[in-house]
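Okay, here's what each chain looks like letter by letter:
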Amino acid sequence: MAFQGKKFINDPKDVVTDFIEGLVETYPGLQYLDGFPEVKVVLRADASSSTYDKVAVISGGGSGHEPAQAGFVGEGMLTAAICGDVFASPPVDSILAGIRAVTGPMGCLLIVTNYTGDRLNFGLAAEEAKSEGYQVEMVIVGDDCALPPPRGIAGRRGLAGTILVHKIAGAAAAAGRSLAEVAAEARRASEMIGTMGVALSVCTLPGHATSDRLGPGKMELGLGIHGEPGAAVVDLQPADVVVAHVLKQILSPETGYVPITRGNNVVLMINSLGATPLMELMIAAGKAVPRLQVEHGLAVDRVYTGSFMTSLDMAGFSITVMKVDEATLQLLDAPTKAPAWPVGVDGDRPPAKIPVPVPQSPLSGSNKSSTRPEQLSEQGCMLEAAIEAAASELINLRENLNEWDGKVGDGDCGSTMSRGASAILEDLKKYYPLNDMVETIKEIGSSVRRVMGGTSGIIYDILFKAAYGELKATGHSEITPKEWASALQAAIAAVSKYGGASEGYRTLLDALIPASKILQERLDAGDDPIDAFVLSSEAALAGAESTKHMRAQAGRSSYVSSDILASVPDPGAMAAAVWYRAAALALKNHKSSA
């Protein structure tokens, strides 16, 4: 079912002029011609036809592909960009205005994406400009590799590879080369480029309804940057499978779209189609580079990842591969002030990135790893039973914790706790020196630190680190009940110190503080240690349940209304109470069966 698209705009008819006004306010080196709304031209603020002594490089087309083309105006790239309405070729008069504004005696090069409207309008503008005495050359870029070789006159669509042509032509022009030489560089570059896109959704035009052409669990291969249908709609696949398919299509010897063979040097561009997070783009880049190297036998000299030529809010990306030589690399690396060109990617890159070794703690000494004893002592058996029960109960409670956290937080408390618990169970069988209680606490902290992210991870890391420090100070490996109680108090104090929470803040401390108080009281009264542990676990559960009536003062819950908070206990407090209670009951059962 289609519905009205939501966008931060004013009048849909004004989106392009509003965009241009914001662009030139943001970048001092950019300006626009005073011809709104008919003439929408962005140009270098320092470029004027009366003074400009280099070849002007001009591109343009329909808007909605930002940062293309206006974001690439700047010294070393485009001299001007002609903006049409969204997905509509700019009119001839606008193109002529741009040519007249920046073209000096060296002439101008028009770089045009291969769409019928752009070819016709830029072509007619070029002919009129020539009749006025301007030197004009035009290069058409069609780098699409998604569809079979086209029949007729349409040709391959112009996609994100066009931006690399801008960079090469702009650098050649900035070096003072002639119009014929700049055009030759652009034309040669356009013949070395292949691009293909893939998307999870189509785009929504300003003021239009959102299309539901792609249903749940589907993606489209080879769709165009205006949302036009591509080669196929298929089931959603993992990123590495998608990357492999796209690269195979671009480099296919059957279509022969790009003259790239094993042993060649290439540059790679991963381009967002509008709504794809940088994280996903980097995942694609990370999978594409080794596949180009190993499967296709290519040397990857540069990688450009980001937004270059988008399609409004389309969720997807395109991959561009371009054959290069040393001269081309120099033009790509040449300096530019175009605001949308990426920084920090020039210069030689190693064939493979070898991760830097993780520095070891100077306290690690011999760096020997802990191992599980072949024979467990009585205390070792008890410790193993408690750890297994606590971790297993957290795993069982995963969905409940996620459900509670979904109402008051980000919905991942159960997943985070389960991940930590699973790591503890795995390491318990391999590494924990269970006969040495102190070192076992240290190893539990290491397991948590390795796999648990977010606030929960660091809180538990602090908890176990502080408990270990307190126990280590005793100087022996077998710990008395009162020393365990002191370690719990030290752990609570450390979490409160660094996290800023106290009892009543609706956190895990609301389970652990009551438990610690009861444990200490019952031990001081001479109760059996295990009975004291079980009683304190009941206090932990009661404390966790009481968080329903507390006003959150820490974490994401502090932003949630009291009505919602009253419907569920704090997930972190419940998690702490559950593992604490499970450990206590496991020791009670162990004692009964002994």
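In every chain, residue numbers begin from 1 and rise along the written sequence. Two thresholds apply to this predicted model, a pLDDT of at least 70 for residue-level local features and 80 or more for giving and counting side-chain atom pairs, whereas whole-chain, interface and lining totals are computed over all residues. Computation of side-chain values covers all heavy atoms of the structure but excludes hydrogens and water.

- Going by an unreviewed UniProt entry, the chain carries the name Glycerone kinase and comes from Opuntia streptacantha.
- UniProt positions are given in the numbering used here, feature names are shortened, and annotations may be inferred rather than shown by experiment. Turning to the chain, the UniProt annotation filed under Sequence similarities (unreviewed entry) states: "Belongs to the dihydroxyacetone kinase (DAK) family."

Topic: the overall build of the chain
Here is step 1 of the chain: On a plain count of helices and strands, the chain comes out with 18 helices and 14 strands.
Here is step 2 of the chain: Its C-alpha atoms give the chain a radius of gyration of 32 Å, more than 25% over the compact-globule value 25 Å for 594 residues.
Here is step 3 of the chain: A principal-axis box enclosing the C-alpha atoms of the chain has dimensions of 105 × 55 × 45 Å.
Here is step 4 of the chain: Classification of residues uses two cut-offs on accessible area relative to the type maximum, computed with a 1.4 Å probe and protein chains only: under 20% is buried, over 50% is exposed, and between them is partly exposed. A buried classification covers 50% of the 594 residues belonging to the chain. The secondary structure listing takes helices from DSSP runs of H or I that are at least 4 residues long and strands from runs of E that are at least 2 residues long, numbered from the N terminus. The globule rule is 2.2 Å times the number of residues to the power 0.38, and the radius of gyration it is compared with is taken over C-alpha atoms.

A closer look at the sheet that holds strand β6 (residues 108-113)
Where strands meet in a sheet, backbone hydrogen bonds hold them as pairs that are either parallel or antiparallel.
Here is step 1 of the chain: By this definition, two strands are paired if DSSP reports at least two bridges between them. Spatial ordering of the open sheet is given by β2-β3-β5-β4-β6-β7, a layout of 6 strands whose pairing is mixed. Two strands bound the open sheet, and with one partner strand each, they are β2 (30-32) and β7 (136-141). Taking each pair of neighbouring strands and ignoring which way they run, the sheet shows an average axis angle of 25°.
Here is step 2 of the chain: Pairing of β6 with β7, which is carried by 6 bridges, proceeds in the parallel orientation. Paired with Thr113 across the strands is Val141, a residue of β7.
Here is step 3 of the chain: Contacting β4 (56-63), β6 and β7, helix α4 (residues 161-174) runs over the sheet at an angle of about 175° to β6. Axis definition: a line fit to C-alpha positions, over the contact stretch in the case of helices; interaxial angles, taken between N-to-C directions, run 0 to 180 degrees. Contacts were defined at the residue level, with two residues in contact if any of their heavy atoms lie within 4.5 Å.

Remarks on the domain arrangement of the chain
Here is step 1 of the chain: Along its sequence, the chain is organised into domain 1 (14-206 + 217-333) and domain 2 (378-593).
Here is step 2 of the chain: Computed from C-alpha atoms alone, the centre-to-centre distance between domain 1 and domain 2 is 56 Å. Per the annotation, domain bounds derive from an automatic or database assignment of domains.

A short note on the environment of Asn396
Here is step 1 of the chain: By secondary structure assignment, the location of Asn396 is in helix α9 (residues 378-396).
Here is step 2 of the chain: Distance from Asn396 to Gly414, taken between C-alpha atoms, is 9.3 Å for residues 18 residues apart in sequence.

What about the packing of helix α6 (residues 239-250) against helix α7 (residues 278-294)?
Here is step 1 of the chain: Two elements in contact, α6 and α7, have axes separated by 9 Å at closest approach and are oriented at 50°. Judged on the interaxial angle alone, α7 and α6 are oblique. Between α6 and α7 the crossing geometry is right-handed. Contact residues: Ala239, Asp240, Val243, Ala244 and Leu247 in α6; Ile283, Ala284, Lys287, Ala288, Arg291 and Leu292 in α7.
Here is step 2 of the chain: Of the residues assigned to the contact of α6 with α7, the class counts are 8 nonpolar, no polar and 3 charged. Each angle gets one of four labels, with under 35 degrees taken as roughly parallel, over 145 as roughly antiparallel, 65 to 115 as roughly perpendicular, and the rest as oblique. Left-handed describes a crossing whose near helix is turned anticlockwise from the far helix by less than a right angle; the clockwise case is right-handed. By the convention adopted, Pro, Cys, Tyr, Trp, Phe, Met, Ile, Leu, Val and Ala count as nonpolar, Lys, Arg, Asp and Glu as charged, and the other residues, Gly among them, as polar.

As for the packing of α9 against helix α18 (residues 571-593)
Here is step 1 of the chain: At a minimum axis separation of 8 Å, α9 and α18 run at an interaxial angle of 140°. In terms of orientation, α9 and α18 fall into the oblique class. Two packed elements cross with a definite hand, and for α9 against α18 that hand is right-handed. For the pair α9 and α18, contact is made by Glu378, Cys381, Met382, Ala385, Ala386, Ala389, Ala390, Glu393 and Leu394 and by Ala575, Val578, Trp579, Ala582, Ala583, Ala586, Leu587 and His590, respectively.
Here is step 2 of the chain: Across the contact of α9 with α18, the residue classes tally to 14 nonpolar, 1 polar and 2 charged.

Remarks on the sheet that holds strand β10 (residues 218-221)
Here is step 1 of the chain: A sheet is described by the order of its strands in space; here 6 strands give the open sequence β11-β10-β8-β14-β12-β13, paired in mixed fashion. Lying at the two open borders of the sheet, with one neighbouring strand each, are β11 (232-235) and β13 (299-306). The mean inter-strand angle of the sheet, taken between neighbouring strand axes irrespective of direction, is 20°.
Here is step 2 of the chain: Summarising the sheet, strand β8 (residues 193-199) and strand β14 (residues 316-324) pair through 7 bridges and their orientation is antiparallel. Bridge pairing in β14 links Gly197 to Ser318.
Here is step 3 of the chain: This element, α6, spans β8, β10 and β14 of the sheet and lies at about 40° to β14.

Considering the nonpolar core
Here is step 1 of the chain: Residues Ile387, Leu401, Met417, Tyr460, Leu512, Trp579 and Tyr580 are the most contacted members of the largest nonpolar core, which totals 63 residues.
Here is step 2 of the chain: Broken down by element, this core gets its largest block of residues, 11 residues, from α18.
Here is step 3 of the chain: The contact partners of Trp579, leaving out residues within four places of it in the chain, are Ala390, Leu394, Tyr460, Leu463 and Leu512.
Here is step 4 of the chain: Take the buried Ala, Val, Leu, Ile, Met, Phe, Trp, Tyr and Cys residues and link them wherever side-chain atoms come within 4.5 Å; each set so joined is a nonpolar core. In terms of nonpolar packing, the next biggest core, distinct from the first, is built from 60 residues, Val15, Leu30, Ala189 and Ile193 among them.

Some remarks on helix α15 (residues 509-524)
Here is step 1 of the chain: A helix is expected to span 1.5 Å for every residue after the first. The terminal C-alpha atoms of α15, which comprises 16 residues, lie 22 Å apart, in line with the 22 Å expected from a rise of 1.5 Å per residue.
Here is step 2 of the chain: Looking only at α15, the buried set comprises Leu509, Asp510, Ala511, Leu512, Ile513, Pro514, Ala515, Ser516, Leu519, Gln520 and Leu523.
Here is step 3 of the chain: On the buried face of α15, the contacting elements are α13 (454-472), α14 (481-499), α16 (529-545) and α18.
Here is step 4 of the chain: Backbone geometry just after α15 places Gly526 at a positive phi near 90°.

Regarding the pairing of β8
Here is step 1 of the chain: With 7 of its 7 residues buried, β8 lies for the most part within the structure.
Here is step 2 of the chain: Neither face of β8 is left uncovered, since the one carrying Ile193, Thr195, Gly197 and Ala199 and the one carrying Gly194, Met196 and Val198 both have all their residues buried.
Here is step 3 of the chain: Examined bridge by bridge, β8 and β10 share 2 bridges and lie antiparallel to one another. Paired with Val198 across the two strands is Leu221, which belongs to β10.

Some points on the side chain of Thr79
Here is step 1 of the chain: Tracing the chain through its elements places Thr79 in the loop between β4 and β5 (80-86).
Here is step 2 of the chain: Excluding anything up to four places from it in sequence, Thr79 contacts Val42, Leu43, Arg44, Ala47, Tyr52, Val55, Ala56, Val57, Val73 and Val102.

Re empty space enclosed by the protein
Here is step 1 of the chain: Detection works on a 1 Å grid of protein atoms alone, calling trapped sets that fit a 1.4 Å probe cavities and calling open sets with protein on both sides within 12 Å along at least five of seven lines pockets, with lining residues defined by an atom within 4 Å of a point. Grid points are joined across faces, edges and corners, and a volume is the space filled by probe spheres set on the points. Under the counting rule described, the total for this entry stands at 1 cavity of 30 Å³ or more.
Here is step 2 of the chain: Taken together, Leu159, Ala160, Met196, Gly197, Leu223, Gly224, Ile225, Asn271, Leu273, Met309 and Ser318 make up the lining of the largest cavity.
Here is step 3 of the chain: When grouped by side-chain class, the residues that make up the lining of the largest cavity number 7 nonpolar, 4 polar and no charged.

Section: the pattern of salt bridges
Here is step 1 of the chain: Take a side-chain nitrogen of Lys or Arg and a carboxyl oxygen of Asp or Glu: if they are within 4 Å of each other, that pair is a salt bridge. A complete count under the given rule lists 30 salt bridges for this structure.
Here is step 2 of the chain: Residue Glu127 pairs with Lys130 through a salt bridge whose shortest N-O separation is 3.6 Å. Here Glu127 and its partner Lys130 are both found in helix α3 (residues 116-131), 3 residues apart, which amounts to about one turn of the helix.
Here is step 3 of the chain: For Asp461, the salt bridge identified is with Arg449, shortest N-O distance 2.8 Å. Taken together, the positions of Asp461 in helix α13 and Arg449 in helix α12 (residues 437-451) put the pair 12 residues apart, joining distant regions of the chain.

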